[in-house]
Each structure stands twice: as C-alpha cells, then as structure tokens.
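Survey of secondary and tertiary structure
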Amino acid sequence: MLVRSPDALGFIVEFLQSSTEYALIAKDLDGTILLWNEGARRFYGYEPGEILGKVRSDTLHTPEDTAAGLPVRMMTEALQCGKWEGLVTWVRRNGQRSVARTVLTPRLDAYRRHTGYLLISKDVTDERSAIQAEDKFRDLFEFAPDAIVVVNQEGQIVLVNSRVEKLFGYARAELLGEPAEMLVSEGFRHQHPPIGGGLDVVGFRKDGSEFPVEISLSPVDTEEGILVSISIRDVTERKRLERALKAKNLELENANRAKDRFLATMSHELRTPLNAILGFTGTLLMKLPGPLLPDQERHLRTVQASGKHLLSLINDLRDLARIESGTVELNPEPVDCRSVVEDLAAALRPSAEAKGIAFEAVVCPPDLVVRADRRTLSQILLNLTNNAIKFTERGSVSLRANQRREDRILTTEFIVSDTGAGIRTEDQAKLFQAFVRLDSGQKQRQEGSGLGLYLSRKLAELLGGRIALQSEYGKGSTFRLILDEAQS
Amino acid sequence: MSTRILIIEDNPTHLELMTYLLSAYGHSVGAAESGSRALDALNRERPDLILCDVQLPDIDGFGIARRLKSHPEFRSIPLVAVTALAMAGDCDRLIAAGFDGYLSKPIDPEKFVQQMELFLTNRCR
C-alpha cells in the first residue's frame, strides 16, 4: 500500500476517497484499477464494484486517443518527467464524452520502484464550453459586417473590431484609449444619437478623408460597468444609390412633363385646322351661302365624316393617354341615375330618330342612385349608346338602369340594347381591344377610332365595374355596365 | 334678338368662321385679334357677349379673364372661352380663371350659334 501511517494518512485517504470534485484513480502497472473514489464514480459513472480489479484504465480513453497512442505517451512522460498534465477527453459509462484537466503521476514504493500510476482528473467541460462560446462571440464581434467600437463612460475606445481598422485606416493600438469622436468629422463631434436610434454623420479617416456613415448606439452591461457599443456602417454606396435614384426620378418627371406637353401641343395643333375644315364644311352643308348640287352635298358629307373621324381619334387617344398615365382623378359621389340617363337621351335621341329607329330610356325605380364618378359614368354610357345607334339600321335602341341587392352587395346595371347587326361569337372577345373594328355587315362602313369600347372597358375598370356583352349575330346586342357596391 | 358679340381671336380663319355663323343668325359681331385690342374695343363699345381664344399674341385668355372679371363695368359681360386647348383640366382651369363658359375647337357649326345664345339668355334671366 501507498499509505503507511494509518492515523494521519488515513484521514487524507478518506478525504481523497470522498472528494467529489476530483476523480482519483490508482492503478497498477498493467492498468488494473485499484482505487476509485467518489469523484471518479461521479465523473465516469462506474460504481467501484464494477471497476475495481476488473476494468483496465484504457477503456476510459476515447478510441481515437488510444489509436493515436495517447495513453502510452502519458505514461512514458509521467515516468520520465515525474508527471503528465493536460486536457483529456474521457468516455463515461453512458458513452458521453467529457473533458478533464488530468494529472498522471507514477506510484513508487518505499524503494522507489515503479508500481503503477495515480490519475487525478477535474471535469472542465462547462468551463471549456464557456470559453468556446466566448471565442464564438469574439469571432462574431471581430468579423461583424459593421465596424464596432466599444467605448467606456468617458467616451474612450476600449474595443474595436477589424472592420474599424479597415474602414478608418487606423491600427488597433492607435485607437484604444482614445476618444471615439476622433472617428467622426469635426462638425459632427458633438452629436450623439439616442441609444438604440441611428444617426447619419460623416466619418473621418486617419488620412483625413471623409465618408458618410450611419451610427447606432447600444448599451452593453459588463463586469467593468456599462459600456456603449457603437455600430458604424459605411453608407457611401447607399447615398450614391439614393442620389442616383433621385436624379432618375427627376428625369422621369421631366420626361413625363415633356410627354404631357407634347400631347397637349399635338391635340391643340390638330384641332386648329380641323376647326376650319369641319366649320366651313358645316356652313356649306347648312347651305348658309346658298343651295348645293347633290354631288357637292355628297362630297361635303364625306369631308365632314372624315373630319369627324379624325376628331374622334384625337379625342379617344387623348382620353386613352390620360387613363394609361394613371392620373385620372375620380370624384365618386351619389349620382342620380335618372338625370344621367335623361341627359344622354336628350343628346342622342335626335340621331336615333334621324335614322328612323326608336329610342327608349328607362330608369327603374326612378329615384335610383349609384355611387360613381358622374363624368366617367356618362362617358361610358355615351360610348355604348352611341355605338348601339350607329350599328342599328332598324328597330330600336334602349338604355335602362336597374338595381338589385344580394348579400350586402348592391349591384347597379346600365343596360344598352339594340336590334342592330349583332356580333359574331368569335368576334366578341376581340371587341374590347384597342383599334379593333369589326365588319358590321352594313352597307356603309362605320367611322370610328376603334378605341371606343376599349376606352369604355378601361373607364369601367376605373369605376371598379365591368362591361358584359350578350349578342346574337344579325339580331342585336346588349352591353351591360355592372357596378357593385359593398353595403355595410 | 340682335346682340353685339365681341370675338377675341388671332386666327383669321377661325374668326371668319365664327363671324360668318353668328352674322348669319343676325348677331352683330366685332373682332379683336389680340388682348390689348380687345380692351380698346371694350372701351369704345360694350358687347353683350365675349368669345375669347386662349392662346393670343399679347395678353392671353387667362390675362383677359383676370382683367375683365376684376373690372367693375365689364365683369358682368358673359365671357366664353372658345379654344383648341382640350386636355383634361383645361376647362376647369379656364372656369377657375373667371370664364363663364368653355367650348372646345373644333366647334360644331350646326350647334355653335345656339350654344352661344345660351349665354345671352342665361344673362337675361
């Protein structure tokens, strides 16, 4: 036995035996375990009865360490130098691994003969993970995308990361202990952003150059008291993009204004000669200067029709440009449907009657009110009703309005029906596209821009509504403008 | 109903057209081809109605409206813009500038005289 004096040493043995913090293992030369204290039991998980005289200490090492010759190396060094000391990963009974600071010393008898080893281990797994976590945080700090400067209560720099060195051109040693304000341009040195908030300032490099930065402050509670962490972001690129964007916006605004001016000028310049063409054709056809020969009248009617066609193109293109620019201002208000329909009827009835077709306008009930932009609503109905009259040779055209309520949805319908040419099923889908004109089967080709229904559809969409079509070729068509309102 | 109508218009063809139509229906028409001449004409003889183009050589339609509508004697004469300015908002801007009415070019010769007489009857009412 190692211990000779039973009194004093017995106490030490007992103390070591019951120590829980240190795992104590004594083994003989071939590795058989002779002593296994309470600390060893807790650390490795084996009961003394399972291990004493039975298990060789090699099995406590990881297979990798054994394969790498660590146990042999430890023993050789312990013999040569008196002890081996280092971190060792041990395998517990349940297979879990733990790291311990371990000391291995040779056991010698009274004649200094080598009889075995004493192995003392202290579990440092928790300490190590704390160290590793600290290392990780240090990496996070060091390689953060923002430059970070930590200052103490006096405003002196106590910590910087590598981005600070790169961004400002200082070496770390040149910054530590210096006031943090050396990193901002003079005019900004007394501005402090609120904690947690951001501030745009101008950064000041070692070489005297300046660059825009955004800084934000956050408090850090440490063992040394409250420190302030300052994140500094180089916003040169962001500022450059903002300027570029602003310039681009201005350019677009100018281009848009130029386009509007161009459209206004074109419209004005086209209308000016048309005023003379349509005006004097009109005075001749009104026979104000005197009677006309039939051929003269026919030719003048052609001039007039072409002039009117040109005018409708100008008007429709102007309206289309306005709708597509997205600048149409709508003024939704409760609209008295009867007044809208009656105004339209008054304007259009003469042209229907001139062709010998009946025209009917019915609003039911008469006090119908719809929430819409009155001007847009009138324009759609004017387009639809005008078309109906244009493409009807005999029979009638009607404009009706009605309303129904269903599941809190109030639906107002304006229905324009005619007994005219009708539209082939295969043509119906094309009808609402721009510049589409169908063969109406009429002897006289109808004048029109081909934009009327396209515009009407766009305007209906602006009102939040839609236009539906039912038609039978040769029998007539029905266009419905459908406006839905959600009711509370 | 014969009335005196002053047309302020720098385009001779347009002036001739409107003069021809209004005269054919018995109105007596005076003309001025610029804003300043219109002001001279107004001081010589007071018309019952003024038709006014907007793009004019010296004082434009807006300037004329401002002057006439702040003039104690002329402010009550109906002032109608007859113009090829026909973009969205043009009509609203002209009415806001003081015009009593707006008609876009090209005019409809069959309706033109009737449309203008509306401003005369409105005034008489």
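Right, let's walk through the structure included here. Quantities reported herein were computed from a predicted structural model and do not represent experimental measurements.

Following the criterion strictly, the structure yields 43 salt bridges over all chains and no others. Note that A:Arg238 is salt-bridged to A:Glu242, the shortest N-O span being 3.4 Å. With A:Arg238 and A:Glu242 both in helix H9 (residues 236-285) and 4 residues apart, this pair spans about one turn of that helix. The class of A:Arg238 is partly exposed, set by a relative accessible area of 32%. With a relative accessible area of 38%, A:Glu242 lands in the partly exposed category. In this structure, B:Asp100 and B:Lys69 form a salt bridge, with 2.9 Å as the shortest nitrogen-oxygen distance. Within this pair, whereas B:Asp100 is found in the loop between helix H4 (90-97) and strand E5 (101-104), its partner B:Lys69 is found in helix H3 (residues 61-69), the two being separated by 31 residues in sequence. Taken together, the shared-partner salt bridges connect A:Asp200, A:Glu214, A:Arg238, A:Lys239 and A:Glu242 into one network.

Residues and elements named next belong to chain A. Of all hydrophobic cores here, the largest spans 42 residues; its most connected members are Val370, Leu377, Leu381, Phe414, Phe479 and Leu481. The element that contributes the greatest number of residues to this core is helix H11 (residues 337-354), accounting for 7 residues. Excluding its chain neighbours within four sequence positions, the residues that come into contact with valine 370 are Glu333, Pro334, Val335, Cys337, Leu377, Thr412, Phe414, Leu483 and Glu485.

The next point concerns the interface of chain B and chain A. Contacts between chain B and chain A engage 21 residues on the former and 22 residues on the latter. There are 0 salt bridges connecting chain B and chain A. Our count for the contact surface shared by chain B and chain A stands at 6 residue pairs in polar contact (both at pLDDT 80 or more). The set of elements that each furnish at least two residues to the side of chain B that touches chain A consists of helix H1 (12-24) and helix H5 (109-124) of chain B. For the side of chain B that touches chain A, the element with the most residues is H1(B), which contributes 7 residues. The class makeup of the residues in the side of chain B that touches chain A is 13 nonpolar, 4 polar and 4 charged.

Residues and elements named next belong to chain B. For H1, which comprises 13 residues, the first-to-last C-alpha distance of 18 Å matches the rise-based estimate of 18 Å (1.5 Å per residue) to within 8%. Listing the buried residues of H1 in full gives His14, Leu15, Leu17, Met18, Leu21 and Leu22. One side of H1 carries all its buried residues, which in axial view fall inside an arc of 160 degrees. The first or second residue beyond H1 is glycine 26, which carries a positive phi of 90 degrees.

Let's shift gears to the environment of A:Val202. All names here are of chain A. Along the polypeptide, valine 202 turns up in strand E8 (residues 198-204). C-alpha of valine 202 to C-alpha of isoleucine 215: the two residues are 13 residues apart in sequence and 9.6 Å apart in space. Apart from the residues within four sequence positions on either side, valine 202 is in contact with Leu183, Val184, Ser185, Phe188, Glu210, Phe211 and Val213.

Secondary-structure assignment places A:Ser185 in the loop between helix H8 (172-175) and E8. Setting aside its immediate chain neighbours within four residues, A:Ser185 contacts A:Val202, A:Gly203, A:Phe204 and A:Glu210.

The next thing to look at is the packing of helix H12 (residues 374-390) of chain A against helix H14 (residues 452-462) of chain A. Residues and elements named next belong to chain A. Interaxial distance between H12 and H14 falls to 9 Å at its minimum, and their mutual angle equals 150 degrees. As far as their axial angle goes, H14 and H12 are roughly antiparallel. H14 is crossed by H12, and the crossing has left-handed handedness. Contacts between H12 and H14 involve Thr376, Gln379, Ile380, Asn383, Leu384 and Asn387 from the first element and Gly452, Leu453, Leu455, Ser456, Leu459 and Ala460 from the second.

Turning to helix H10 (residues 294-324) of chain A, a few remarks are in order. The α-helix winds at 3.6 residues per turn, so residues separated by three or four positions along the chain end up facing the same way. Residues and elements named next belong to chain A. If you check H10, its first and last C-alpha atoms are 44 Å apart, about what 31 residues at 1.5 Å a residue would give, namely 45 Å. Residues of H10 that are buried include every one of Leu300, Gln304, Gly307, His309, Leu311, Ile314, Asp316, Asp319, Leu320 and Ile323, and no others. With its phi angle positive at about 70 degrees, glycine 326 sits one or two positions after the end of H10.

Conventions adopted
- Residues numbered from 1 in each chain as written.
- Chains lettered and ligands numbered in written order.
- Predicted model: local features only at pLDDT ≥ 70, side-chain atom pairs only at ≥ 80, totals over all residues.
- Heavy atoms only, no water.
- Salt bridge = Lys/Arg side-chain N within 4 Å of Asp/Glu carboxyl O.
- Helix = DSSP H or I, 4+ residues; strand = E, 2+ residues; numbered from the N terminus.
- Buried < 20%, exposed > 50% of the residue type's maximum accessible area, 1.4 Å probe, protein only.
- Core = buried A, V, L, I, M, F, W, Y, C linked by side-chain atoms within 4.5 Å.
- Contact = heavy atoms within 4.5 Å.
- Polar contact = N/O pair within 3.5 Å; in protein donor to acceptor, adjacent residues only side chain to side chain.
- Nonpolar A, V, L, I, M, F, W, Y, C, P; charged D, E, K, R; others polar.
- Expected span 1.5 Å × (residues − 1).
- Arc of directions from axis to C-beta.
- Axes fitted to C-alpha atoms, helices over the stretch in contact; angles between N-to-C directions.
- Parallel < 35°, antiparallel > 145°, perpendicular 65-115°, else oblique.
- Left-handed = near helix turned anticlockwise from the far one by under 90°.

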